[in-house]
Every structure is written in structure tokens, then in C-alpha cells.
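# Structural features, examined
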Amino acid sequence: MRLHRMHATRSTLGGFALGLLLAGCATVPERQPLPARVAGVVTTAGVAESRYWADQTPQSFARWKTLTEAQLRERYGGIMDRPHAYLLLSGGGGDGAFGAGLLAGWTAHGTRPEFQYVTGISTGALIAPFAFLGSAYDDRLRTLYTTLSTKDLVRQRNIFEIVTGNSAFDTTPLRRLLEQQLGEVEIAAIGREGRRGRSLLIGTTHLDASRPVIWDITRIAAAGTPAARKLIYDVILASVSIPGAFPPVLIDVEADGRRYDELHVDGGVSAQLFFGPDGLDWREVASALRVQGQPQIYIIRNSRLTDGWTAVDPRLLPIMTRTIATLLRNQGIGDLARIYIAARRAGLGFNLARVPADFDREPAELFDPRYMRALYERGFDIARDGYPWVRESGD
């Protein structure tokens, strides 16, 4: 999820570029980095199997095949013998207002399903917990994406802090907001839904390993401890933290009886969207859980598919800004293609929503409430009348 408009917001991408230029001057935080040799035996906040590499199939995923009928019902009873809908939320910064509005409009239309499986990256990671909890939290998303401005979410650092630190912005205000809006009650509810068999997953990039990581927020929430809640905030904050613009997040881990840390940044560094770990056989999953009808993937891409024509000022910062924006846009299109191919192979329905191409307003600041309110309302209006998903039925 990206809490900055990665594909177009000049101020955020400018911060990224500035961070790259000043990286050699930044101080290095004191660390106890996790050695690669013990990366496979890590626990976080006392929770085993709280996360896994997104680019390989976790060993734990093979276990469900050995479960008896009674064990399947105990673990997944809340999602068996019913239709399945999977929601994937992309990055996009302030453009997350589109996804927030679409979800509320979908509720108003009366056809929004319960999602058995929700994934989020960057701004999608901020939306995902509330989308997972259901339509009762639509107002929470409306508040987040229509009433807050840049100063409510981040603090711009002065030049000395940038030169001696690790980012152009301080995200302490965002962390406080997360703690207020996603409190103990909400996290406990996520844990209960996890015990029904539903899954809420958020993606980050493990910077030490240069690999994408998927965090099982439902499993972490089920632990019900202060350490687990802190870890959830850390993960969401890491997922929105583009290097150079926002500070990376140090996440405490344990391995072989010792404490270490890992450095995590924006999940969008690895992907703009994700469905799940590589190698999972979704046909087998649907068969084992006796899913009714064809499972449906719903993708909300919180950005446009094209950036349009812009005359670029031939100076360093504008060139870098436009280049990064182009890279991210094309990465997002590639992610869509991979998920589409995976959906067809697995026999899943594919449904895509994206910011309308004719929405041509531009934000006046990093998080512009007027801009986000207009985009929220556009998403709401389209979905209230029955969103025209780009569809593919699969094979």
C-alpha cells in the first residue's frame, strides 16, 4: 500500500529521489541484524509462522492437505461450503481514496460480499484491515481518506534531519493514527475472524534479504498480546514506507534463543499487488473447502493504468521523479498480468477496478483532502450504481 501517490505525486517521489541522493550522508541506526542462516526459524512477537517469503511456497502450506474432515472444519469451518471472494488492494498513496470510496459504494449497492481472503500493499495495507472487518468500518475509511491532510499523517523533516537521518518525512503521526483507528477491539475482531478460517495478509519488502514478505495479520492478531498489536502496527507502517521518503521500520525477531532485528520497507518495492505465495494450488484449496461456485478475485488498483503525457523539465529531480513513476506504473501492470494468468490457471474469476482515466484532478500536496474527497466520491458513485468491473471468467 502506498501512503503516497507513488505513480504521480511529485513531492513524494521527489523525497524518494532526495533520499537516494543523500543516502551516503545518512547515519546508520544501531542494529542487531538477523543472520541469513537462521532466517527460516524466526518468530516475531512470540508468534510462529507469522510471515513467509512471497516468492516461494511455505512448508506450512502443505500441512492442510493432511488434515482430516474434522480438522478442516475446526480450522476453516467459517469459510467452508460457501462462495468465496478474494480482495486484493494495491498501493497508490492518496489514490487509496478511490478504493475506500468503491468499497463504501459497493456496500450501498447491496452486493458487497464477505471476503475470505484480503491482501494489501502500501496504501492497500492501510485499507485492508477495515475492508476485512466489513462494511461497518466504511466510515472509518471515509474519515481516513477524505478528512486528513499531509500534516495529519507525516512531518516533513528539515534539511539537517534529512542529511543525518534516513528519510524526508517522519511517520510518527501516522503511527499514532493507526493506534487510534485500529485499536485493541479491532485487532481482537481480526483475530476472531482468523479463527473462522479467513485471512488478512499484508506485504512488505525485507530490505536485508531483498525479498518480498507476506505477513499473516490474522494469525498475529489471534495472539492477543501487546507485542502482537505492536507488530501489526510495525508491519502496516513498513508496508507504506518507501525508502527515502518514509523511514524504514526495524522489526524485532527471535531465532535460536537470541533477539535480532530486520529492516522492512514498502511492499511496493517488490510488487504493487499480490495474491499469495508462489506455488499454492488454488484448485485444491477450493476443492478441500468445498467452495460453492467459482471463487472470484476482486482487484482494486488505486491508480490509473496510464500516467498520460507530461513535458518533463530536463533537470535531475524531475527526470528521476518521472522515471520512478514510470517504473512503478509498469511494475503494477506486470503484477496485474501475473495475477490474471494465475487466476486463469486456477479457474478463478478475475475482476479489476482502477481509477478512471478521465479523473484528471491533481493533488495540491502529498495528501490533499480535497483531491482525495473528490476521488472517494467518484469511487463511491460508480460502485453504488454497480461497478463495471473488467472481468474474466477463467477457464
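In this text the structure is predicted, and so the values were computed from the model without any measurement. (Residues numbered from 1 in each chain as written. Predicted model: local features only at pLDDT ≥ 70, side-chain atom pairs only at ≥ 80, totals over all residues. Heavy atoms only, no water.)

## With respect to the overall build of the protein
For the protein, the count of helices and strands is 14 helices and 14 strands. In terms of overall dimensions, the protein is globule-like: its C-alpha atoms have a radius of gyration of 20 Å, near the 21 Å expected for 395 residues. Along the first, second and third principal axes, the C-alpha atoms of the protein reach 60 × 55 × 35 Å. Residue pairs in contact within the protein that sit at least 24 positions apart in sequence constitute 80% of those at least 6 positions apart. Of the roughly 16,800 Å² of accessible surface on the protein, 53% is carried by carbon and sulfur atoms. Each charge sign in the protein was given a centre, from 46 positive and 42 negative side chains, and these centres are 1 Å apart. (Helix = DSSP H or I, 4+ residues; strand = E, 2+ residues; numbered from the N terminus. Rg over C-alpha atoms; globule rule 2.2 N^0.38 Å. Contact = heavy atoms within 4.5 Å. Areas by Shrake-Rupley, 256 points an atom, 1.4 Å probe, with all protein chains shown as cover. Lys, Arg positive; Asp, Glu negative; His and termini not counted. Charge placed at Lys NZ, Arg CZ, Asp CG, Glu CD.)

## Re helix α3 (residues 96–109)
Look at α3: 20 Å from first C-alpha to last across 14 residues, which is about the 20 Å you get at 1.5 Å a residue. Of all the positions in α3, only G96, A97, F98, G99, A100, G101, L102, L103, A104, G105 and W106 are classed as buried. Of the surrounding secondary structure, the elements contacted by the buried residues of α3 are β4 (85–89), α4 (123–133), α5 (138–146), β12 (296–301), β13 (349–354) and α14 (369–384). Remark: G110 follows α3 within two positions and exhibits a positive phi of approximately 90°. (Expected span 1.5 Å × (residues − 1). Buried < 20%, exposed > 50% of the residue type's maximum accessible area, 1.4 Å probe, protein only.)

## Quick word on the nonpolar core
One recurring pattern in soluble globular proteins is that nonpolar side chains are buried together. In this structure, L87, L102, L103, Y145 and I217 are the most contacted members of the largest nonpolar core, which totals 80 residues. Counting 33 residues, the second-largest nonpolar core is a separate cluster that includes L88, A288, V291 and L336. (Core = buried A, V, L, I, M, F, W, Y, C linked by side-chain atoms within 4.5 Å.)

## Considerations on the layout of surface pockets
Volume-wise, the largest pocket comes out at about 1,300 Å³. Around the largest pocket, the lining is made up of 45 residues, and of these E49, Y52, S60, F61 and R219 lie nearest the centre. Classifying every residue of the lining of the largest pocket gives 22 nonpolar, 14 polar and 9 charged. (1 Å grid on protein atoms, 1.4 Å probe; cavity = no way out; pocket = protein on both sides within 12 Å on 5 of 7 lines; lining within 4 Å. Points joined across faces, edges and corners; volume = space filled by probe spheres on them. Nonpolar A, V, L, I, M, F, W, Y, C, P; charged D, E, K, R; others polar.)

## Points about the side chain of R112
Inspection of the secondary structure puts R112 in the loop between α3 and β5 (117–121). You can call R112 buried: its relative accessible area is 16%. Separated by 3.4 Å, the side chain of R112 and the backbone oxygen of A131 make a polar contact. In this structure the side chain of R112 is engaged in a polar contact, spanning 2.9 Å, whose partner is the side chain of D138. Apart from the residues within four sequence positions on either side, R112 is in contact with L103, W106, T107, F130, A131, G134, S135 and D138. (Polar contact = N/O pair within 3.5 Å; in protein donor to acceptor, adjacent residues only side chain to side chain.)

## What to know about the pairing of β5
By the criterion of burial, β5 is predominantly enclosed, with 5 of the 5 residues buried. Burial along β5 is two-sided: Y117, T119 and I121 and V118 and G120, pointing in opposite directions, are all buried. As judged from the 4 bridges shared by β4 and β5, these two strands associate in the parallel manner. Counted as the bridge partner of L88 is T119 from β5. For the crossover that starts at β4, traverses α3 and ends in the parallel β5, the hand is right-handed. Looking at chain direction, β5 and strand β8 (residues 199–206) are connected through 5 bridges and run parallel. In the strand pairing of β8, I121 is matched with G203. (Pairing = 2+ DSSP bridges. Right-handed = clockwise from strand over helix to strand, strands pointing away.)

## Description of the pattern of salt bridges
Under the counting rule described, the total for this entry stands at 26 salt bridges. In this structure, the salt-bridge partner of E262 is R51, at a minimum N-O distance of 2.6 Å. Of this pair, E262 sits in strand β11 (residues 258–266) while R51 sits in strand β3 (residues 51–53), and the two are 211 residues apart along the sequence. Here E262 matches R51 in class, with each residue buried. Taken together, the salt bridges that share partners define one network made up of R82, E114, E193, R196 and R198. (Salt bridge = Lys/Arg side-chain N within 4 Å of Asp/Glu carboxyl O.)

## Observations concerning unusual backbone geometry
The backbone of S210 sits at a positive phi, close to 55°, despite the residue not being glycine. On the secondary structure map, S210 appears in the loop between β8 and β9 (211–216). We classify S210 as exposed; its relative accessible area is 60%. The phi dihedral of R290 falls on the positive side, at around 50°, and the residue is not glycine. Here R290 lies in the loop between α12 (282–288) and β12. The exposure class of R290 is partly exposed, given its relative accessible area of 33%.

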